[in-house]
There are 2 protein chains.
Amino acid sequence: MTRYKAIISYDGTNFSGFQIQTKQNVRSIQGELEKVLKKLNSGNPVGVQGSGRTDARVHAIAQVIHFDLPQKRDEEKLRFALDTQGPDDIAVLEVEEVSDDFHVRYNKHEKTYEYLLDTSKARDPFKRNYAGHFRYDLNLSRMQEAAKYLIGEHDFTGFTASGTSVENKVRTITQADIEQIDENTIKFTFSGNGFLYKQIRNMVGTLLKIGNNRMPVEQVEKIIASKDRNLAGPTAAPEGLYLKEVRYVDEEVNGY
Amino acid sequence: MTRYKAIISYDGTNFSGFQIQTKQNVRSIQGELEKVLKKLNSGNPVGVQGSGRTDARVHAIAQVIHFDLPQKRDEEKLRFALDTQGPDDIAVLEVEEVSDDFHVRYNKHEKTYEYLLDTSKARDPFKRNYAGHFRYDLNLSRMQEAAKYLIGEHDFTGFTASGTSVENKVRTITQADIEQIDENTIKFTFSGNGFLYKQIRNMVGTLLKIGNNRMPVEQVEKIIASKDRNLAGPTAAPEGLYLKEVRYVDEEVNGY
């Protein structure tokens, strides 16, 4: 048995999310990759593990996966086969043999997500699947100030979807940057040792309310302290969210 | 009767092209706009004229159209209604009242088209609908040299699709630039007083053959002189092509 780690990129628009679904006629990234790997493995099923799940319509610039094959393969040939035999909306950027005990989820890692927001008055048709949209006034410095409260080790219960099964909701955020990258686009960047279900989209939705002057800057602190989801803003649209990079400790950077 | 000129942008991916089709269940830009205008005009049909047709999957950053309405309207309210009541993949950027004798096709104008080419080994999933793809070697300076032969007034019969009904195939090209805009993207820019059916995609397909060393640089001169379509390269894929700007003489620039 040989374990392979791969870096993949996908346009989430036409997927129900990363995770394979039991429903038929539903496309998932995991399902599509397992279909190609099965073909490449003489018809025998191959399981794919992802560093984390992404929701329907959420994108990845560099998601990391691993899978096992019974024989050793040439890395570049394997990458090429996976890339070209899979669907057009998933690219396989790198394939690398790793030790049998490497695990994309259990090995210590840090992740970076980006959220792109189109602030044009007439929503840009080229961004309709690739950025959230907000046509009202936004005060960038208010959002930047509020984002500082997110940095550090906190219980993020107030920013996750209610009814999540994960017990421990303490996570550490090391980066929460917001910048205007061109006239009509704002980019949010979040790095940390892990994020809860819908946490980033809820943080963005809250920051937008603050930027639009409909919540005080200190609301972020209150949501963390109270663990009350009802104090947070709405969940931002999925199409603006990108898994940008997964960095494993004691390893080279895997992102782009 | 009041005539309005509008600047629109569209993602051509899910359209059969600009022009309205008699077939049912086929989306066209003209058809979608006429549907919205009819609603805004108390159910009475309104015809839309475009500065030129774009093919299926071809995009527009700033296409110019005109149409007539029986009453005067507030320009910004009309723009907002057209933009928000129409589909997400068409944006209406500007609406302006013009004189009754203005005509998007007959008024003298110059057009600029861009063609984006993704040269990544693993085709970028985010560009699969927004750039052509070429994974083989390309010599940029060979293409730039060849493109110089396109500049000027020429009969472009050799670069158009055979069987076109247009009689006069003489056009003037004022710009034919090719540049590397990032590590994996090449941008072609063509400006001129008009382009024949599939002319730009045929010019790009030919330049790619030249860049890949499978045609001599002088082939462009030969294709123009011989008017022989068989000497040209294949038609480049539509998803890389963008109508970038339409400039009317004695008017301000309409592009973005």
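Note that the structure is a prediction, hence the values are computed from the model and not measured.

Calculation notes
- Residues numbered from 1 in each chain as written.
- Chains lettered and ligands numbered in written order.
- Predicted model: local features only at pLDDT ≥ 70, side-chain atom pairs only at ≥ 80, totals over all residues.
- Heavy atoms only, no water.
- Helix = DSSP H or I, 4+ residues; strand = E, 2+ residues; numbered from the N terminus.
- Rg over C-alpha atoms; globule rule 2.2 N^0.38 Å.
- Contact = heavy atoms within 4.5 Å.
- Areas by Shrake-Rupley, 256 points an atom, 1.4 Å probe, with all protein chains shown as cover.
- Least-squares fit on C-alpha atoms with pLDDT ≥ 70 in both.
- Buried area = accessible area lost by both parts, 1.4 Å probe.
- Salt bridge = Lys/Arg side-chain N within 4 Å of Asp/Glu carboxyl O.
- Polar contact = N/O pair within 3.5 Å; in protein donor to acceptor, adjacent residues only side chain to side chain.
- Nonpolar A, V, L, I, M, F, W, Y, C, P; charged D, E, K, R; others polar.
- Buried < 20%, exposed > 50% of the residue type's maximum accessible area, 1.4 Å probe, protein only.
- Pairing = 2+ DSSP bridges.
- UniProt positions renumbered as here; feature names shortened; annotations may be inferred.

### Digging into the overall build of chain A
Item 1. Helix and strand counts for chain A stand at 5 helices and 10 strands.
Item 2. Its C-alpha atoms give chain A a radius of gyration of 19 Å, near enough to 18 Å, the size a compact globule of 256 residues would have.
Item 3. Across its three principal axes, chain A shows a C-alpha extent of roughly 60 × 40 × 35 Å.
Item 4. For chain A, the share of sequence-separated contacts (at least 6 apart) that also reach a separation of at least 24 residues comes to 69%.
Item 5. On chain A, roughly 11,800 Å² of surface is accessible, and the fraction owed to carbon and sulfur atoms is 45%.

### Describing the relation of the copies chain A and chain B
Item 1. With an RMSD of 0.0 Å, the operation that places chain A on chain B is a rotation of 180° combined with a shift of 0.0 Å along the axis. Here the symmetry operator amounts to a two-fold rotation axis. Of every C-alpha in chain A, the one belonging to Phe126 of chain A sits nearest the axis of rotation, 5.4 Å from it.
Item 2. In this assembly, 100% of the residues forming the interface of chain A have copies in chain B that are likewise at the interface, indicating an isologous arrangement.

### Here we look at the interface of chain A and chain B
Put simply, an interface is often sized by how much accessible area is lost when its parts join up.
Item 1. Facing 27 residues of chain A, the contacting portion of chain B comprises 27 residues.
Item 2. Regarding the contact of chain A and chain B, the summed buried area is about 1,900 Å², with carbon and sulfur atoms giving 59% of it.
Item 3. A per-residue breakdown of the area chain A buries against chain B is headed by Pro125, Phe126 and Arg128 of chain A, which together make up 34% of the total.
Item 4. Note that Asp89 of chain B and Arg128 of chain A form a salt bridge whose closest N and O atoms lie 4.0 Å from each other.
Item 5. Where chain A packs against chain B, one counts 2 residue pairs in polar contact (both at pLDDT 80 or more).
Item 6. Contributing elements (two or more residues each) for the side of chain A that touches chain B: strand 1 (2–10), strand 3 (59–69), helix 2 (75–85) and strand 4 (90–98) of chain A.
Item 7. Here the side of chain A that touches chain B takes 5 residues from helix 2 of chain A, the largest share from any one element.
Item 8. Split by residue class, the side of chain A that touches chain B holds 13 nonpolar, 4 polar and 10 charged.

### Remarks on the pairing of strand 10 (residues 241–248) of chain A
All names here are of chain A.
Item 1. Counting buried residues in strand 10 gives 7 out of 8 residues, a clear majority hidden from the surface.
Item 2. Note that strand 3 and strand 10 share 2 bridges and pair parallel. What sits directly across from His59, in strand 10, is Tyr242.
Item 3. Taken together, the 7 bridges between strand 5 (residues 109–118) and strand 10 define a ladder with antiparallel strand orientation. By the bridge assignment, Glu114 is partnered in strand 10 with Tyr242.

### Let's talk about the UniProt feature "active site" (unreviewed entry) in chain A
Residue and element names in this part refer to chain A.
Item 1. Under the feature "active site" (unreviewed entry), the UniProt entry names Asp55.
Item 2. Following the sequence through the fold, Asp55 ends up in the loop between strand 2 (49–50) and strand 3.
Item 3. Taking relative accessible area as the criterion, Asp55 reaches 23% and is therefore assigned partly exposed.
Item 4. If we ignore the near neighbours within four places in the chain, the residues touching Asp55 are Ser16, Gly17, Tyr197, Lys198 and Arg201.

### With respect to the pairing of strand 9 (residues 185–192) of chain A
Residues and elements named next belong to chain A.
Item 1. Within strand 9, 8 of the 8 residues are buried, which leaves it mostly tucked inside the rest of the structure.
Item 2. On strand 9, burial covers both faces: Thr185, Lys187, Thr189 and Ser191 on one face and Ile186, Phe188, Phe190 and Gly192 on the other are all buried.
Item 3. Note: strand 5 against strand 9, 8 bridges, orientation antiparallel. Following the sheet pairing, Tyr115 is matched in strand 9 by Phe188.

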